[in-house]
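The primary structure of each chain is shown beneath.
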Amino acid sequence: MSKILIRGAKVLGGEPQDVLIDGGTIAEVGTGLSAEGAEVVEADGKVLLPGLVDLHTHLREPGREDSETVLTGTRAAASGGYTAVFAMANTFPVADTAGVVEQVYRLGRDHGYCDVQPIGAVTVGLEGKKLAELGAMHESAAGVTVFSDDGKCVDDAVIMRRALEYVKAFGGVVAQHAQEPRLTEGAQMNEGVVSAELGLGGWPAVAEESIIARDVLLAEHVGSRVHICHLSTAGSVEIVRWAKSRGIDVTAEVTPHHLLLTDEMVRTYNPVYKVNPPLRTERDVLALREALADGTIDIVATDHAPHPHEDKDCEWAAAAMGMVGLETALSVVQATMVDTGLLDWAGVADRMSVKPARIGQATGHGRPVSAGEPANLTLVDTEYRGQVDPAGFASRSRNTPYEGRELPGRVTHTWLRGKATLVDGKLT
Amino acid sequence: MQRHLISAADLTRDDAVLILDTAEEMARVADRPIKKLPTLRGRTIVNLFFEDSTRTRISFEAAEKRLSADVINFTAKGSSVSKGESLKDTAQTLEAMGVDAVVIRHGASGAPYRLANSGWIDAAVINAGDGTHQHPTQALLDAFTMRRRLVGRDAGLGQDLSGRRITVVGDVLHSRVARSNVDLLHTLGAEVTLVAPPTLVPVGVEAWPCEVSYDLDSTLPKCDAVMMLRVQRERMNAAFFPTEREYSRRYGLDGDRMAKLPEHAIVMHPGPMVRGMEITAEVADSDRCTAVEQVANGVSIRMAVLYLLLGGNEPAVSHARTNEEK
């Protein structure tokens, strides 16, 4: 692997600097670095970030290769500036054994677009009844440290307590999909003014908040850490803020779509806006942005959820829940957090790379852009403005809520341990 | 008028009054020996019913036939998904057979909206009830019935329902009839009060243009019409109310309660009635109950809607004979 000189990049949005990559490592950061023997990439004022890390991706393989595979999903990830993704366990078969997590891990490694760290199921078959072999998944080649039944809530308080306790033996973390099942039977969208008018079953905020409240108290009681997936309401923010002030070891994520879109979009009955947890209100969106800025919410995670066209080209009730997000996440974060003045680029690096890598223990990712560190890097043209065109997605699925919407910023280059996976916006 | 009829909220006051006035003209046709107009001759209408609803389907069918349209009935039990064929494919298949309008009843809220706005088909779409969302022709026939009874058959022409006080009682949460009526009655200037146990009122109702009360008895003396909604017995299994008897004691309309209504006030019901639950037989069979009249008015309203959406500029009813008589 040869040398690469990235010339004139605003590292974390700061003053332009040169970054020299040698092999898989950052060799030098400074000004006026020699280009001798190196391929030169003119950054020309673009922003250089540590490679993004997504703690919440659905790669769909094994089982739903019609919507995404590890290959297409990691290509989408590289295209969106990611160098590591955590693959959720709700595949067919469920990633609840060492065998399945090792398969996903190996596929990611062999394709080489992005590190794939499988997430293991908390319970067998995501059924919430019996703990999966968490230790075996941790001991496997995949080295699983994050466990989640995402898509379903670990709603049994005893099972949740046991899981929180059990993973302490090997430093794992349980990522909870907070959704009280009885309160959300038949739920189709956020419960409120819009659901009342549209006649769609309500998904009340309290169904999320009551589980988060319970789980932070459980985590405190047993001295474990807990991670909250896709937090979506202003009330959830208050609970997490309170828990952190008490010293409870809780982290939380927000998706890009919950930072931008509201349940008003559902008035179109277009299932491209159908997602779980549902799009909430303007008040929630503003609370989530503020919480991400002040650190109450630790990270942005995409909840990239590919679905084939036919599962969205239908009536609302029949449609699948979820949106693709890997290829638009950074643009949405720029629009909602950076361009609004809530977060600078160092803050974006923290919320989209440093902290998710830390929560998921993805070694080699989320590191400083400095000499001696692994060359996992993302170069972003923050001046770019353009309309989202799903036809250009690397993902196998097109279920984006942003089609035709103008969003800022575009990832032009991604390097995984010094190897370019994206050059001038094109996958290698 | 718009090209489709999806929601009562889409109608302006003038649209709604035009439909009611046109329905009065259509109603006169029913009094003729030959109850048929040539208006939609050569046009094909499909009644696409994904949910069982014999009375609504028959009402549309009667309206279509009186306007001389060719009628196709398509009844698919269960949802498009359980059937295996998607709503899109079903609709496109029917349109390929040359359909000018689709009258759709579907269990999923928003299905007619999707059909009209997704570019799947070009035909006009008329919502015959979708999930717990809307049932606009029901609201129109209810308004028609109210205007006839409270304002007058001839005196009502060109008029709305300004200042009339309407109470809607029952399972508002699961009712497309309630949603459509609140929207349309508000547009027509009426004051609407919803009465239901708090469990059967949707969260978010505060944004609706109406009042909400949990107490039926205090509402009755002030209203011009009271509309009783059907309450399905199964609701009590989901703890919306404790027992059928308690529901009926607190929110059912019996003879004693009916006596509290002003003398001119009418009792309405969209049907099918659950006698002994929301309404007693005594009330249902009384002169003040318009349930049967509403069914008859439904045909006139649906004729008016079909004519206005599909008929173009031709006059709906020929007045030649009336002119001769002058």
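Each chain carries its own residue numbering, running from 1 in the written order of its sequence. Just so you know, chain letters begin at A and ligand numbers begin at 1, following the order they were written in. A pLDDT threshold of at least 70 governs which residues receive local features in this predicted model, and a stricter bar of 80 or more applies before side-chain atom pairs are shown or counted, although totals over entire chains, interfaces and linings include all residues.

What follows is about the pairing of strand S1 (residues 3–11) of chain A. All names here are of chain A. Note: S1 against strand S2 (residues 16–22), six bridges, orientation antiparallel. Looking at the pairing, Ile6 lines up with Val19 of S2. Here a strand pair is declared whenever DSSP counts at least two bridges between the two strands. Elements are defined by DSSP. Helices are runs of H or I of four residues or more, strands are runs of E of two residues or more, and each kind is numbered from the N terminus. Hairpin connection from S1 to S2: four residues lie between these consecutive antiparallel strands, with Leu12 at a positive phi of about 55 degrees. Of the pairings in the sheet, the one linking S1 to strand S4 (residues 38–42) comprises five bridges and is parallel in character. Counted as the bridge partner of Ile6 is Val41 from S4. Two elements, S1 and strand S5 (residues 47–50), share two bridges in a ladder whose sense is parallel. Looking at S5, one finds that Lys10 is bridged to Val47.

With that out of the way, let us pick up the sheet that holds strand S7 (residues 82–87) of chain A. Residues and elements named next belong to chain A. Pairing within the open sheet is parallel, and its three strands lie in the order S6-S7-S8. On the outer flanks of this sheet lie strand S6 (52–57) and strand S8 (115–118), each paired with one strand and no other. On average, each strand axis in the sheet is inclined to that of its neighbour by 20 degrees, with strand direction left out of account. Pairing analysis gives four bridges linking S7 to S8, with the strands arranged parallel. In the sheet register, Ala84 faces S8, and the bridge partner there is Asp115. Here, residue contact means that the backbone-derived C-beta atoms of the two residues sit within 7 Å. The convention used is that axes are lines fitted to C-alpha atoms, helices contributing only their stretch in contact, and that angles between N-to-C directions extend from 0 to 180 degrees. Sheet strands in contact with helix H1 (residues 70–79) are S6, S7 and S8, and its direction is about 135 degrees off that of S7. Its contacts with the sheet place helix H11 (residues 345–360) against S6, S7 and S8, and it is angled at close to 55 degrees to S6.

Residue and element names in this part refer to chain A. In this numbering, the UniProt entry assigns the feature "binding site: Zn(2+) 2" (unreviewed entry) to Asp150, His177 and His230. These residues run over 81 residues, yet every pair of their C-alpha atoms falls within 9.9 Å of each other. Relative to the helices and strands, His177 resides in the loop between strand S10 (173–176) and strand S11 (189–190). Aside from chain neighbours lying at most four places away, what touches His177 is Ser148, Asp149, Asp150, Gly151, Lys152, Cys153 and Cys229. UniProt positions are given in the numbering used here, feature names are shortened, and annotations may be inferred rather than shown by experiment.

What follows concerns the domain arrangement of chain A. Residue and element names in this part refer to chain A. Domain boundaries assigned for chain A yield domain 1 (3–47 + 373–384 + 404–427) and domain 2 (51–360). The interface is formed by 17 residues belonging to domain 1 together with 21 residues belonging to domain 2. Breaking the side of domain 1 that touches domain 2 down by element, the ones donating at least two residues are strand S16 (377–387), strand S17 (406–416) and strand S18 (419–423). Looking at the side of domain 1 that touches domain 2, the element that brings in the most residues is S17, giving six residues. Domain borders in the structure are assigned automatically or taken from a domain database.

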